[in-house]
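What follows is the residue order along each chain.
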Amino acid sequence: MQGQTLSLNLSHPESANRPRVVIVGAGFGGMAAARALRGNAAEVTLIDQTNHHLFQPLLYQVATAALSPSDIATANRVLMRGGSNLSVLMAEVTGVDIRARSVLLRDGHRLPYDYLVLATGSASSFFGQDNWREHTLVLKTIEDALAIRARLLEAFERAEQSTDDAEIRRLLTFAIVGGGPTGVELAGTISELARATLARDFSRIDPRDTRVVLCEAGGRLLSGFDPALSTYATEALTSMGVEVRIGTAVEAIDPTGVVLGSERIDTGAVLWCAGTEARPAAEWLGIDGVATGL
Ligand SMILES: Cc1cc2nc3c(=O)[nH]c(=O)nc-3n(C[C@H](O)[C@H](O)[C@H](O)COP(=O)(O)OP(=O)(O)OC[C@H]3O[C@@H](n4cnc5c(N)ncnc54)[C@H](O)[C@@H]3O)c2cc1C
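Quick word on the domain arrangement of the protein
And step 1. Each assigned domain of the protein is listed here: domain 1 (15-120) and domain 2 (130-276).
And step 2. Distance from the C-alpha centre of domain 1 to the C-alpha centre of domain 2: 34 Å.
And step 3. The interface is formed by 15 residues belonging to domain 1 together with 14 residues belonging to domain 2.
And step 4. Between domain 1 and domain 2, a total of about 1200 Å² is buried, with carbon and sulfur atoms accounting for 73% of that surface.
And step 5. When residues of domain 1 are sorted by the area they lose upon contact with domain 2, Tyr 60, Ala 63 and Thr 64 head the list and together hold 47% of the total.
And step 6. Summed over the shared surface of domain 1 and domain 2, the result is four residue pairs in polar contact (both at pLDDT 80 or more).
And step 7. Breaking the side of domain 1 that touches domain 2 down by element, the ones donating at least two residues are strand E3 (52-54), helix H2 (59-63) and helix H3 (69-72).
And step 8. The greatest single-element share of the side of domain 1 that touches domain 2, amounting to four residues, is contributed by H2.

Have a look at this one:
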């Protein structure tokens, strides 16, 4: 692919003679790399498709209305302040031309590099069931968190207006697929939202009737952690009213519910916390990523 070479305004007088380092991704990895190169004899460009660095571990609190987006997102330009050899570029990378040593941008431009750091993070994976994507909500970005927040709060409002008991039950039932840290955190905070924060805010429905079903296909919650923590999390969530289903795989997901094992559950929302895969940075290089030691 041909494209016009993007010329950034490099402020340092020696910039033309310095190696150009392009870093793609302003998450923890890319941001750490950029900051480590601050003040070095290199021209560093940090590219991200968003204008902010995101503290993903607290996304679940934005999703459940406990925090605002600005509490967990900081402008990349603010974090890169004070580095005369550092530039920030908001752009989506679509590929890498290894031979020409250029990064390809969505808008058709290309950016040359001498050294390239790819730190594009991960995306949600549906284990080949890509049709489930459209019926579920995921949690990776601020937009995802706000979509979950809107769906949760709207479900309570719609339930309040409904006179159909089955529909109210459906709206106030939330299924969470995947018992890793994100699923566990979301299950606990949605339960808290319903049973504490919103408990007295509605007149026709009782938010405490909300059902939160957390299903995990494996043998325990938090399988990457010590078994004692799995037991603790299961007991804590159960005491908060969460229905924890262990060893239960999702068989189907559609716009109004899920099939867990042999049971169908009508839901107001299905939150997908089950799978993660690398973004396609390895494909840009024409290699297999982890398998080839990228
Ligand atoms: C909900 C959630 C909770 C988490 N909780 C914890 C926790 O409690 N503890 C913990 O240790 N870890 C936690 N993690 C994992 C942790 O956040 C990640 O391991 C970490 O963010 C990975 O950093 P990274 O720099 O590799 O990628 P990311 O932080 O994902 O950053 C990747 C960056 O690349 C950008 N990007 C991607 N593709 C492109 C492209 N084509 N063009 C331009 N830019 C692009 C993205 O916009 C993003 O800014 C959590 C993750 C999530 C999603």
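Comments concerning the nonpolar core
And step 1. Ranked by internal contacts, the top residues of the largest apolar core, which has 40 residues, are Leu 139, Phe 156, Ile 176, Leu 186, Leu 214 and Leu 271.
And step 2. Elements supplying a minimum of two residues to this core: H2, helix H5 (142-161), helix H6 (165-171), strand E11 (173-177), helix H7 (181-197), strand E12 (211-216), helix H8 (227-239) and strand E17 (269-272).
And step 3. Element by element, the count of residues in this core is highest for H5, at seven residues.
And step 4. Formed jointly, this core draws a minimum of three residues from each of two domains, domain 1 (15-120) and domain 2 (130-276).
And step 5. Leu 139 has contacts with Leu 59, Tyr 60, Ala 63, Asp 144, Ala 145, Ile 148, Thr 182 and Leu 186, leaving out every residue within four places of it along the chain.

Quick word on the sheet that holds strand E5 (residues 86-90)
What holds strands together in a sheet is hydrogen bonding between their backbones, with the strands either parallel or antiparallel.
And step 1. Taken in spatial order, the four strands make up an open sheet running E5-E2-E1-E9, and their pairing is parallel. If you trace the sheet from one side to the other, it starts and ends with E5 and strand E9 (115-118), each paired once. Each adjacent strand pair in this sheet contributes to an overall mean axis angle of 20°, direction not counted.
And step 2. Alignment of strand E1 (residues 20-24) against strand E2 (residues 43-48), held across five bridges, turns out to be parallel. Note that in E2 the partner of Val 22 across the bridge is Thr 45.
And step 3. Set on the sheet, helix H1 (residues 28-36) makes contact with E1, E2 and E5; between it and E2 the angle comes to about 160°.

Section: the site of the ligand
And step 1. Taken together, 20 residues surround the ligand, and among them Phe 28, Gly 29, Asp 48, Gln 56 and Val 93 come closest.
And step 2. At 2.9 Å, a backbone N or O of Val 93 approaches a nitrogen atom of the ligand.
And step 3. For the ligand, whose unbound accessible area comes to 990 Å², protein coverage reaches 71%.
And step 4. Of the residues in the shell around the ligand, the class split is eight nonpolar, eight polar and four charged.
And step 5. Of the residues that make up the shell around the ligand, three or more belong to each of domain 1 (15-120) and domain 2 (130-276).

How each quantity is defined
- Residues numbered from 1 in each chain as written.
- Predicted model: local features only at pLDDT ≥ 70, side-chain atom pairs only at ≥ 80, totals over all residues.
- Heavy atoms only, no water.
- Domains from an automatic or database assignment.
- Contact = heavy atoms within 4.5 Å.
- Buried area = accessible area lost by both parts, 1.4 Å probe.
- Polar contact = N/O pair within 3.5 Å; in protein donor to acceptor, adjacent residues only side chain to side chain.
- Helix = DSSP H or I, 4+ residues; strand = E, 2+ residues; numbered from the N terminus.
- Core = buried A, V, L, I, M, F, W, Y, C linked by side-chain atoms within 4.5 Å.
- Buried < 20%, exposed > 50% of the residue type's maximum accessible area, 1.4 Å probe, protein only.
- Pairing = 2+ DSSP bridges.
- Axes fitted to C-alpha atoms, helices over the stretch in contact; angles between N-to-C directions.
- Near = heavy atom within 4 Å.
- Areas by Shrake-Rupley, 256 points an atom, 1.4 Å probe, with all protein chains shown as cover.
- Nonpolar A, V, L, I, M, F, W, Y, C, P; charged D, E, K, R; others polar.

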